[in-house]
Amino acid sequence: MGRRRTIDRDKVLDAAEAIVNAVGAAGLTIDAVAKAAGITKGGVQYCFGNKDGLIDAMMERWFNEFDTAVAAEGGEDPDPVKAMRAHALVTAR
């Protein structure tokens, strides 16, 4: 009996981001992501369901990274002005 293969979702999301950065959103297909991540199309679908699920996961990751960067820039318990500045600085980057 073989070992169950696990798929690293972050690796798949990294591959999807690389595709979007290289060729734009039009190049983002389940097949292209599968090839870039070195897995099957079924593996991508297993992780995300469909292309919409993949895009949702990418957006969630980007939003989480943005929120983390804003929180780091603003510090603990920032006043509204500091929070707004942190948001603007991170957005500008």
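On a predicted model such as this, the values are computed, not experimentally measured, just so you know.

Caption draft 1: Summary view of the overall build of the protein. Within the protein, the secondary structure is distributed over five helices and zero strands. Relative to its length of 93 residues, the protein is extended, with a C-alpha radius of gyration of 17 Å against a globular reference of 12 Å. Principal-axis analysis of the C-alpha atoms gives the protein an extent of 55 × 35 × 20 Å. By residue count, 27% of the 93 residues in the protein fall in the buried class. The contacts in the protein between residues at least 6 apart in sequence include a share of 46% that link residues at least 24 apart. On the protein, roughly 6,600 Å² of surface is accessible, and the fraction owed to carbon and sulfur atoms is 55%.

Caption draft 2: Expanded view of the nonpolar core. Residues Val12, Val33, Val44, Phe48 and Leu54 are the most contacted members of the largest nonpolar core, which totals 17 residues. Put simply, the parts of the chain that give this core at least two residues each are α1 (9-23), α2 (30-37), α3 (41-48) and α4 (51-74). Take this core: its biggest share by element is five residues, from α1. Non-local contacts of Phe48, meaning those with residues more than four positions away in its chain, are made with Arg9, Val12, Leu13, Gly53, Leu54 and Ala57.

Caption draft 3: Up close: a nonpolar patch on the surface. Together, Ile55, Met59, Trp62 and Phe63 line one region of the surface with nonpolar side chains, adding up to about 340 Å² of accessible area. Take Ile55: it is sitting in helix α4. When its relative accessible area of 32% is taken as the criterion, Ile55 is described as partly exposed.

Caption draft 4: Region of interest: helix α5 (residues 80-92). In this model α5 runs 18 Å from its N-terminal to its C-terminal C-alpha over 13 residues, within 8% of the 18 Å that 1.5 Å per residue would give. Two to three positions downstream of the cap, the backbone nitrogen of Val81 sits 3.0 Å from a side-chain oxygen, assigning the N-cap of α5 to Asp79.

Caption draft 5: Layout of the packing of α2 against α3. Contact geometry for α2 and α3: axes closest at 8 Å, N-to-C directions at 105 degrees. In terms of their interaxial angle, α2 and α3 are classed as roughly perpendicular. Residues Ile30, Asp31, Val33 and Ala34 of α2 form the contact with α3, whose own contacting residues are Lys41, Val44 and Gln45. Across the contact of α2 with α3, the residue classes break down as four nonpolar, one polar and two charged.

Parameters at a glance
Residue positions are given per chain, counted from 1 along the sequence in the order it is written. Only residues with pLDDT of 70 or above have their local features reported here, since the model is predicted, and side-chain atom pairs are shown and tallied only from 80 upward, although totals for entire chains, interfaces and linings are computed over all residues. Hydrogens are left out, water is left out, and the side-chain values use all remaining heavy atoms of the structure. Each helix is a run of H or I in the DSSP string that is no shorter than four residues. Each strand is a run of E no shorter than two, and both are numbered from the N terminus. The globule rule used here is 2.2 Å times the number of residues to the 0.38 power, and the radius of gyration it is set against is calculated over C-alpha atoms. The rule is simple: take the accessible area with a 1.4 Å probe, protein chains only, and divide by the maximum for that residue type; under 20% is buried, over 50% is exposed, in between is partly exposed. Throughout, a residue-residue contact means that at least one pair of heavy atoms, one from each residue, lies within 4.5 Å. A 1.4 Å probe and the Shrake-Rupley method give the accessible areas. Residues count as covered only by the protein chains that appear here. Throughout this description, the term nonpolar core refers to a set of buried Ala, Val, Leu, Ile, Met, Phe, Trp, Tyr and Cys residues connected via side-chain atoms within 4.5 Å. Like-charged residues within 9 Å of one another, or nonpolar side chains (Val, Leu, Ile, Met, Phe, Trp, Tyr) within 5 Å, are grouped into patches, provided each residue has over 30% relative accessible area and no salt bridge. In the sections that follow, a salt bridge refers to a side-chain nitrogen of Lys or Arg positioned within 4 Å of a carboxyl oxygen of Asp or Glu. Take the number of residues in a helix, subtract one, and multiply by 1.5 Å to get its expected span. Counting of polar contacts relies on pairs of N or O atoms within 3.5 Å, with two restrictions inside protein: one atom must be capable of donating a hydrogen and the other of accepting it, and residues adjacent in sequence are counted only when both atoms are side-chain atoms. Each axis is a line fitted through C-alpha atoms, and for a helix only the stretch in contact is used; angles between axes span 0 to 180 degrees, taken between their N-to-C directions. What sets the label is the angle itself: under 35 degrees gives roughly parallel, over 145 gives roughly antiparallel, 65 to 115 gives roughly perpendicular, and the rest give oblique. Amino acids outside the nonpolar list (Ala, Val, Leu, Ile, Met, Phe, Trp, Tyr, Cys, Pro) and the charged list (Asp, Glu, Lys, Arg) are all regarded as polar, and Gly is one of them.

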